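# Structural characterization, general
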Amino acid sequence: MEEWSDYATSTRMLAHIPHCAETAFYPFPVPTFSARVWDVTVIGNMNDFYYPHRVRLRELAWTVLRKRGYAVRVLRHPGYKRPVPLDTYVDASYARELSLSKVVLTCSGHQRAAFLKYVEVPMAGAVLGADIPDDRGFVRRTTLELPLHATDAELLGKIEHVLDHEEAWAAIAKPAHDLVRTYRTMDVYAQMFLQVCHAFFTRNTARIIWTPEVEA
């Protein structure tokens, strides 16, 4: 089976630029733990074929955590059309809603992809609860891991622990926020794009995976 890297040749350069978020959309400094009105927010498309783990987390949040007294909501996915449907959020309004949540749940889908959500949530200062896509060291540093193979009790226990212990929440939320504001901004994306262009025109490489956070 061919890997994407197999397509790199002397005349074709492949580059990976990770998702980055626009910091101007996000409140800074971020709201404190006590200022966040929602304990749990679930985000993303809820198609159970493509995102079964996300649907599972939604059901646990809505049917269990909500009944245990936590403030839970599910944000409706806005889709990909403009103008966006009513009762949905995009851009700055979406960033503001994320910043009102302590824990935000989503998943990598059957693609096992580090979607933009994996940057947006920590950028808002919330704890991201999700599975870890394969070979994603940076994501592992910014996420409360909720593995696909975990039992319901294990998943609920990990979520409730950070909701019930502010210091445990902060131990994940603050370092993750600092990391994405340093290494996953649109300024960083632009720098990477320019480096890719330079590498292409100087023909000094055929493949780039840029991980500046490793170099820091």
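Residues numbered from 1 in each chain as written. Predicted model: local features only at pLDDT ≥ 70, side-chain atom pairs only at ≥ 80, totals over all residues. Heavy atoms only, no water.

## Some words on the pairing of strand 4 (residues 101–105)
What counts, and what does not: Type-normalised accessible area, obtained with a 1.4 Å probe on protein chains alone, sets the label of each residue: buried when under 20%, exposed when over 50%, and partly exposed for intermediate values. Only DSSP runs of H or I covering at least 4 residues are called helices, and only runs of E covering at least 2 are called strands; the numbering of each starts at the N terminus. Here a strand pair is declared whenever DSSP counts at least two bridges between the two strands.
By the criterion of burial, strand 4 is predominantly enclosed, with 5 of the 5 residues buried. As defined by bridge partners, strand 2 (residues 38–42) adjoins strand 4 across 4 bridges and the pair is classed as parallel. Of the residues in strand 4, the one forming a bridge with Trp 38 is Ser 101. Sheet topology note: the strand 4/strand 5 (residues 127–130) ladder contains 3 bridges and is parallel. Counterpart to Val 103 in the pairing with strand 5 is Val 127.

## Describing the side chain of Lys 102
Just so we agree on the cut-off: Polar contacts, as counted here, are pairs of nitrogen or oxygen atoms within 3.5 Å of one another; within protein the pair requires one atom able to donate a hydrogen and one able to accept it, and residues that are adjacent in sequence qualify only if both atoms are side-chain atoms. Residue contacts follow a heavy-atom distance rule, with two residues in contact if any of their heavy atoms lie within 4.5 Å.
Among the secondary structure elements, Lys 102 is positioned in strand 4. Taking the relative accessible area as the measure of exposure, Lys 102 reaches 11% and is therefore buried. A polar side-chain atom of Lys 102 sits 3.2 Å from a polar atom in the side chain of Asp 39. Contact partners of Lys 102, with chain neighbours within four places excluded, come to Phe 33, Arg 36, Trp 38, Asp 39, Ala 126, Val 127, Leu 163 and Trp 169.

## A few points about the pattern of salt bridges
The criterion, for reference: Here a salt bridge means any side-chain nitrogen of Lys or Arg lying within 4 Å of a carboxyl oxygen belonging to Asp or Glu.
Going through the model one piece at a time under the given rule, you end up with 9 salt bridges. With a closest N to O distance of 2.8 Å, Arg 68 and Glu 160 form a salt bridge. Of this pair, Arg 68 sits in the loop between helix 1 (52–65) and strand 3 (72–74) while Glu 160 sits in helix 5 (residues 152–164), placing them 92 residues apart in sequence. With relative accessibility at 15%, the residue Glu 160 sits in the buried group. Measuring nitrogen to oxygen at the nearest pair gives 3.0 Å for the salt bridge that ties Lys 174 to Asp 178. Placement of the pair is Lys 174 and Asp 178 together in helix 6 (residues 166–183), with a separation of 4 residues, close to one helical turn. Among the residues examined, Lys 174 registers a relative accessible area of 53% and is labelled exposed. With a relative accessible area of 35%, Asp 178 lands in the partly exposed category.

## Thoughts on the nonpolar core
Inclusion rule: Within this scheme, the nonpolar core is defined by two criteria: the residues are buried Ala, Val, Leu, Ile, Met, Phe, Trp, Tyr or Cys, and they are joined through side-chain atoms within 4.5 Å.
Judged by nonpolar contacts, the single largest core of 27 residues is most densely connected at Tyr 26, Ile 43, Leu 98, Val 104, Tyr 118, Val 121 and Met 123. At the level of secondary structure, the elements contributing two or more residues to this core comprise helix 2 (91–99), helix 3 (117–123), strand 5, helix 4 (137–141) and helix 6. At 4 residues, helix 3 tops the list of elements feeding residues into this core. Apart from residues lying up to four places away in sequence, Tyr 118 is in contact with Cys 107, Ser 108, Ala 113, Leu 128, Ala 130, Asp 131, Pro 133, Val 139, Thr 142 and Thr 143.

## With respect to the packing of helix 5 against helix 6
Basically, it comes down to this: Angles here are taken between N-to-C directions and fall from 0 to 180 degrees, while the axes themselves are lines fitted to C-alpha atoms, restricted in helices to the stretch in contact. For classification purposes, an angle smaller than 35 degrees is called roughly parallel, one larger than 145 roughly antiparallel, one from 65 to 115 roughly perpendicular, and anything else oblique. Classification used: nonpolar for Ala, Val, Leu, Ile, Met, Phe, Trp, Tyr, Cys and Pro, charged for Asp, Glu, Lys and Arg, polar for all others including Gly.
Packing of helix 5 against helix 6 leaves a shortest axis separation of 5 Å and a crossing angle of 105 degrees. Classed by the angle they form, the pair helix 5 and helix 6 counts as roughly perpendicular. Contact with helix 5, carried on its side by His 161, Val 162 and Asp 164, involves Glu 166, Ala 168, Trp 169 and Ile 172 of helix 6 and no other residues of that element. Class assignment of the residues belonging to the contact of helix 5 with helix 6 gives a composition of 4 nonpolar, 1 polar and 2 charged.

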